[in-house]
Amino acid sequence: MAGLFDPIEINGMSLPSRIVRSATWEGMCDPDGRPGERLRTCYEALAQGGAGLIITGYAFVRPDGRQMPGKMGIHTDGFMKDFMRLTNAVHEAGGRIAVQLVHAGGQTDTQMAGRRPLAPSAVKVKQFPETPAELDLEEIQDIVTAFGDAALRAREWGFDAVQLHGAHGYLINQFLSPLTNRRLDEYGGSLDNRCRFLMEVYYRVRVAAGKDFPVLIKLNASDNLEGGVSEEDACYAAGELSRAGIDAVEVSAGTSASGRLSPVRTKIDRPEKEAYNLAVARGVKESVACPVIVVGGIRSWEVAQRAMGEDGVDLVAMSRPLIREPDLPLRWQEGDRRPAACISCNGCFAPGISEGGIYCVAEKEGREKA
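Residues numbered from 1 in each chain as written. Predicted model: local features only at pLDDT ≥ 70, side-chain atom pairs only at ≥ 80, totals over all residues. Heavy atoms only, no water.

Colleague: So what exactly am I meant to see when it comes to the pairing of strand 14 (residues 315–318) here?
Modeller: Along any regular strand the residues' side chains alternate between the sheet's two faces. Of the two faces of strand 14, the one lined by Leu315 and Ala317 and the one lined by Val316 and Met318 are each fully buried. Across 3 bridges, strand 3 (residues 19–21) lies against strand 14 in parallel orientation. Looking at strand 14, one finds that Ile19 is bridged to Val316. By the bridge criterion, 3 bridges tie strand 13 (residues 292–295) to strand 14 in an arrangement that is parallel. The residue of strand 14 that forms the bridge with Val295 is Ala317. (Buried < 20%, exposed > 50% of the residue type's maximum accessible area, 1.4 Å probe, protein only. Helix = DSSP H or I, 4+ residues; strand = E, 2+ residues; numbered from the N terminus. Pairing = 2+ DSSP bridges.)

In structure tokens form, the structure reads like this:
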């Protein structure tokens, strides 16, 4: 049975522990997506704090795929020096870093995208701010190419891996979901057709980055929405990716429209509420030959360790706990096994919009009262 601090290798990428910092929008980039000093400092702290792998906040591969303010962009060669300073800082701190690639599709708005949002179908669903325009075949291929171009930049700029964002209602997930994909051509209808965009993106990224460069995916094992991606759909897609050579699958679930079953649930205040995606992660694990990472509400060392032991996943990922305690992995490794201090209030994300960067609001309030 693997331990949290046992090393693991993923397609030549050696990780010193099984704890992954899951992709987290930080709101710390310039309006055009350029990363700067504040983000470098954030990633340096995570590397020094013992995370085996840092996955960046989601980085848009084209400006029309941008969603949030301060979101990272990897769509232009003009950011090379900025990204290389970032990856060098992480490596100098002893860390490993992957960049998460995304197109928001219909899950953005005209103001952020700079045009009417694009999606598989021109349908208005709960998680879409407005009715998007339906992608034509040429536009689909242009976005596939943009993913490949971004992966090549990532390799050349010093990242250790890339991760495709196939979860939480973004464009890859939109193609997989019957709720958002109503197409009648080769990209819609059957499950094979709904997987087509995902597989084309994966193959283009693989060719661009190379066989020896780790390519991961964050995949919804369920949208937790009536008519959305089901566990059966997700296991099929994961199996197709595994046969094609994907290097690891991070399992999540839910979208912004999933209510209490969203990706970032609140009130995770006891062990039985933790690891809320573990059951669906087990199903994905049975469908693939590559390592599986589980994310979602992990707060305690015992739950994390049990996930890799009794439940058989290969790595665990956390997001909100590492906003408050970037050194949580190191604390656990050194023997202090108290649960994460995170109270799962989601207050950390508001400053990303109002102040240009996320942080733990609860911790700040506690310091001010002391």
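Having seen the model, we can carry on.
Colleague: Help me understand unusual backbone geometry in this model?
Modeller: Across residues other than glycine, the phi torsion is negative in most instances, and most of the peptide bonds are trans. Even without a glycine there, the phi angle at Ser344 is positive, about 55°. Positive phi is not limited to glycine here, since Asn346 has a value of about 65°. A relative accessible area of 21% means that Asn346 is categorised as partly exposed.

Colleague: Sorry if this is basic, but what is going on with the packing of aromatic side chains here?
Modeller: Each aromatic ring pair is specified by the distance between its two centres and by the angle formed by the two planes. The full count for this structure, using the stated rule, is 6 aromatic pairs. Plain terms: the ring middles of Tyr58 and Tyr170 are 5.5 Å apart, the flat faces sit at 65° to each other, and that makes the pair edge-to-face. One end of the pair, Tyr58, is in the loop between strand 4 (53–55) and strand 5 (59–60); the other, Tyr170, is in the loop between strand 10 (161–166) and helix 5 (171–176), with 112 residues separating them in the sequence. Tyr170 matches Tyr58 in its accessibility class, with the two residues each being buried. Seen from their ring centres, Phe83 and Trp157 are 5.2 Å apart, and the 25° between their planes marks the pair as stacked. (Phe/Tyr/Trp six-rings, centres within 6.5 Å; stacked < 30°, edge-to-face > 60°.)

Colleague: Teacher, can you tell me more about the pairing of strand 11 (residues 215–220) here?
Modeller: Here strand 11 lies mainly inside the structure; 6 of its 6 residues are buried. Two strands pair when backbone bridges link them, and strand 10 and strand 11 are joined in this way by 5 bridges, in the parallel orientation. Note that in strand 11 the partner of His165 across the bridge is Lys218. Two elements, strand 11 and strand 12 (residues 248–252), share 5 bridges in a ladder whose sense is parallel.

Colleague: Which parts of the structure should I look at to understand empty space enclosed by the protein?
Modeller: Unfilled space is identified by rolling a water-sized probe across the atoms. In the structure shown here, the tally under the stated rule is 2 cavities of 30 Å³ or more. Of the voids in this model, the largest cavity is the one considered here, and its volume is about 80 Å³. In terms of lining, the largest cavity is formed by Arg320, Ile323, Arg324, Cys342, Ile343, Ser344, Cys345, Asn346, Cys348, Cys360 and Val361. In terms of residue count, the dominant contributor to the lining of the largest cavity is helix 11 (residues 320–324) (3 residues). The class makeup of the residues in the lining of the largest cavity is 7 nonpolar, 2 polar and 2 charged. Taken as a whole, the second largest cavity holds about 30 Å³ of empty space. The wall of the second largest cavity is formed by Trp25, Glu26, Gly27, Met28, Cys29, Gly57, Tyr58, Gly70, Lys71 and Met72. For the lining of the second largest cavity, the per-class residue count stands at 5 nonpolar, 3 polar and 2 charged. (1 Å grid on protein atoms, 1.4 Å probe; cavity = no way out; pocket = protein on both sides within 12 Å on 5 of 7 lines; lining within 4 Å. Points joined across faces, edges and corners; volume = space filled by probe spheres on them. Nonpolar A, V, L, I, M, F, W, Y, C, P; charged D, E, K, R; others polar.)

Colleague: What is the right way to read the layout of surface pockets from this model?
Modeller: Volume-wise, the largest pocket comes out at about 720 Å³. Taken together, 33 residues line the largest pocket, and the ones lying closest to its centre are His168, Tyr170, Pro263, Val264 and Phe349. Only strand 14 and helix 11 provide two or more residues apiece to the lining of the largest pocket. Looking at the lining of the largest pocket, its residues break down into 15 nonpolar, 15 polar and 3 charged.

Colleague: Would you mind going over helix 9 (residues 278–285) with me for this structure?
Modeller: The periodicity of an α-helix, 3.6 residues per turn, causes residues three or four positions apart to be oriented the same way. Listed in full, the buried residues belonging to helix 9 are Leu278, Val280, Ala281 and Val284. Down the axis of helix 9, the smallest arc covering the buried residues is 155°, so these residues share one side. Those residues of helix 9 that are buried lie in contact with helix 8 (231–244), strand 12, strand 13 and helix 10 (301–309). (Arc of directions from axis to C-beta. Contact = heavy atoms within 4.5 Å.)

Colleague: Please explain the packing of helix 7 (residues 196–209) against helix 8 as it appears in this structure.
Modeller: Two packed helices can be described by the angle between their axes and the distance between those axes. Running from amino to carboxyl end, helix 7 crosses helix 8 at an angle of 25°, the nearest separation of the two axes being 11 Å. Relative to helix 8, the element helix 7 is oriented roughly parallel. Judged by the sense of rotation from one axis to the other, the crossing of helix 7 with helix 8 is right-handed. Counted together, Leu198, Met199, Tyr202 and Tyr203 of helix 7 and Ala237, Glu240, Leu241 and Ala244 of helix 8 form the full contact between these two elements. (Axes fitted to C-alpha atoms, helices over the stretch in contact; angles between N-to-C directions. Parallel < 35°, antiparallel > 145°, perpendicular 65-115°, else oblique. Left-handed = near helix turned anticlockwise from the far one by under 90°.)

Colleague: What is the right way to look at the pattern of salt bridges in this model?
Modeller: Side chains that differ in charge, positive against negative, can pair when their charged atoms come close. Scanning the entire structure with this criterion turns up 20 salt bridges. The shortest N-O distance in the salt bridge between Arg153 and Asp77 comes to 2.7 Å. Here Arg153 is found in helix 4 (residues 137–156), whereas its partner Asp77 is found in the loop between strand 6 (72–73) and helix 2 (80–92), with 76 residues between them in sequence. Residue class for Asp77 comes out exposed when judged on its relative accessible area of 56%. Between Asp233 and Arg194 there is a salt bridge, with the nearest N and O atoms lying 3.8 Å from each other. (Salt bridge = Lys/Arg side-chain N within 4 Å of Asp/Glu carboxyl O.)

Colleague: Hey, could you run me through the environment of Ile353 in this one?
Modeller: With respect to the helices and strands, Ile353 occurs in helix 13 (residues 350–354). Here the alpha-carbon distance between Ile353 and Gly70, two residues 283 residues apart in the chain, equals 7.8 Å. Ignoring any residue separated from it by four or fewer positions in sequence, one finds Ile353 in contact with Trp25, Met68 and Pro69.

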